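One-letter residues, chain by chain:
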Amino acid sequence: MTLVAGVDSSTQSCKIVIRDAETGALVRSGRASHPDGTEIAPSHWWDALQTAVADAGGLDDVDAISVGGQQHGMVALDADGKVVRDALLWNDTRSAGAALDLTTELGGPDAWAAAIGSTPVASFTGTKLRWMRDNEPENAARTAAVALPHDWLTWQLAGAAGIDTLVTDRSDASGTAYWSPFTEDYRRDLLELALGHDAVLPRVAGPSEQAGVSTFGSRRAVLGAGAGDNAAAALGLGLQPGDVAISIGTSGVVSAISTTPVADGSGLVAGFADATGAYLPLACTLNASRVLDAAARMLGVDHAGLSELALAAPAGADGLVLVPYLEGERTPNKPDATGALHGMRLANTTPAHLARAAVEGMLCALADGMEALRAQGVPVRRVFLIGGGAQSEAVRRIAPSVLGLDVSVPTPGEYVADGAARQAAWALSGAAEAPAWAAAGEADVYSADPAPQVRAQYAAVRELTADRPA
Ligand SMILES: Nc1ncnc2c1ncn2[C@@H]1O[C@H](COP(=O)(O)OP(=O)(O)O)[C@@H](O)[C@H]1O
Ligand SMILES: O=C(CO)[C@@H](O)[C@H](O)COP(=O)(O)O
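Along each chain, residues carry numbers from 1 onward, in the same order as the chain's sequence is written. Each chain is given a letter, starting from A, and each ligand a number, starting from 1, according to the order in which they appear as written. Where local features are concerned, this predicted model is filtered to residues with pLDDT of at least 70; where side-chain atom pairs are given and counted, the filter is 80 or more; whole-chain, interface and lining totals use all residues. The side-chain quantities take in all heavy atoms of the structure and omit both hydrogens and water.

For the protein chain, an unreviewed UniProt entry supplies the name Xylulose kinase and the organism Cellulomonas chengniuliangii. What the UniProt record of the protein chain gives under Catalytic activity (unreviewed entry) is the line "D-xylulose + ATP = D-xylulose 5-phosphate + ADP + H(+)". Looking at the protein chain in UniProt, the text filed under Function (unreviewed entry) is "Catalyzes the phosphorylation of D-xylulose to D-xylulose 5-phosphate." UniProt positions are given in the numbering used here, feature names are shortened, and annotations may be inferred rather than shown by experiment.

Right, here's the structure in full:
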């Protein structure tokens, strides 16, 4: 049996799956945690990857490996390939002001959408480079190359030779703010606008290209180009046009495959590329599974307890509405916002109502993201719910009523890592198409009566939030 491996180096953890290259059958898997925080030494990702590999029984019998990972994180390297400073992650909002500056300097949001398919927000790599240039000019000056988390890990697997051997893929390149999905080229002028000077950028390998050789362990394995986590999930799920994936991890992501690039000057939809040669329009929130974590913590229950409570309250929680901007927000772009609880009355201040409001508020933000995708002409016929938060029974049962359509929940799994493994098998095969693995296994379909009042009461108060103290 030929084996391939796929990695998901996500915000909170690193997961690895090892699968049969021909059938896609799962052979074994492993995981390890990442430290908390939005500013992290990349060595933690490498340590976690090694721990996850050991947990999965090693790579000595694996013939190809690809890395999927959290998007956008800024990994600044000096001329010798050493990390210049801790990586700033996608959910670090300190570069919100830099994003505004960059937006103005190029001529506004529409100019950016025309250039790179997206408008820059604090999540994007280029805004973090600008923040570094403005606040740590000595670090910016030392930066000779810029990589993303998945590029850097692929590079480690290949032995981290010179910075000119870095490789990325188009899906992750499209989240930097200096790569164009229209021309499939870097916009070095935009890199310079951000960093203040040119730098080495990873070569953008094609979806099935062999990006190098892994020297990890005793066996040399083919390296795939890897992908941003959402593009990898789309490959793992086998998404087709008309399908929408909603991922409830640290980020809440609504994404879909599109055969044409998207350019949304409103900034709600990012016009990213996917991992197959097509496109992945995407709306991403900063507040998803951790809203559930926070609600469970506030109520002194575990996730099962939170679900039970949320399902005990009526749809709409009798008017109690949680606007879930606990980490500021990216979509809509409110980096300094805080969360808010509206509509409190004696009758609805119960644990069950609060649990319900937390689940509904998180889902309403995702429903808004789905609307934004529709407004860009993206068809929405089937919705898949994935990510850690999709394991919540309350989320599964409440989502169809908030979204207004049935929701398919595939067998719980690591769909980002699966997509990376599928890419590895593709790179190994040299075939024109990705291997036809069984798409996403079985899915449970959840239905519910639409509850438009839930979104209506959320829409009435979602602007009423305070900013965090300066
Ligand atoms: N049964 C559950 N109900 C709700 N949330 C859950 C459940 N199980 C895990 N989670 C949450 O899912 C998150 C991890 O999901 P994951 O998709 O791996 O995140 P990330 O990709 O951001 O690292 C954590 O915040 C965790 O608390
Ligand atoms: O920023 C985005 C997408 O643009 C996020 O989706 C990150 O890629 C992190 O994903 P998770 O680790 O939360 O799944």
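A. Structural context of the site of ligand 1. Close contacts around ligand 1 come from 15 residues, with Ser 10, Lys 15, Thr 250, Ser 289 and Asp 293 the closest. Here His 303 contributes a side-chain N or O atom positioned 3.3 Å from an oxygen atom of ligand 1. Here, Shrake-Rupley sampling with a 1.4 Å probe gives the accessible areas, and only protein chains in the shown set may cover a residue. Burial of ligand 1 by the protein chains amounts to 78% of its free accessible area of 580 Å². The helix and strand labels rest on DSSP assignments: H or I over at least four residues marks a helix, E over at least two residues marks a strand, and numbering proceeds from the N terminus. With three residues, helix α10 (residues 289-299) is the single largest residue contributor to the shell around ligand 1. Ten residues, namely Ala, Val, Leu, Ile, Met, Phe, Trp, Tyr, Cys and Pro, are considered nonpolar, four, namely Asp, Glu, Lys and Arg, are considered charged, and the remaining ones, Gly among them, are considered polar. Classifying every residue of the shell around ligand 1 gives one nonpolar, 12 polar and two charged. If a single non-hydrogen atom of a residue is within 4 Å of a molecule or strand, that residue counts as near it. Polar contact is defined as a pair of N or O atoms within 3.5 Å, subject to the rule that within protein one atom must be able to donate a hydrogen and the other to accept it, and that residues adjacent in sequence are counted only when both atoms are side-chain atoms.

B. Layout of the packing of aromatic side chains. Stacked, edge-to-face and tilted labels apply to pairs of Phe, Tyr and Trp rings (six-membered ring for Trp) whose centres lie within 6.5 Å, assigned for plane angles under 30 degrees, over 60, and everything in between, in that order. Applying the stated criterion across every chain yields a total of four aromatic pairs. With 6.4 Å between their ring centres and 75 degrees between their planes, Trp 45 and Trp 152 make a pair best called edge-to-face. Residue Trp 45 is located in helix α1 (residues 43-55), and its partner Trp 152 is located in helix α6 (residues 149-157); the two are separated by 107 residues in the primary sequence. A relative accessible area of 1% means that Trp 45 is categorised as buried. Using a 1.4 Å probe on the protein chains alone, a residue whose accessible area is under 20% of its type maximum counts as buried, one over 50% counts as exposed, and one in between counts as partly exposed. Residue Trp 152 is classed as buried on the basis of its relative accessible area, which comes to 6%. Here the aromatic rings of Phe 124 and Phe 272 are separated by 5.8 Å at their centres, their planes lie at 50 degrees, and the arrangement is tilted. Highlighted residues: Phe 124 in the loop between α3 (109-116) and α4 (125-135) and Phe 272 in strand β18 (residues 270-273), separated in sequence by 148 residues.

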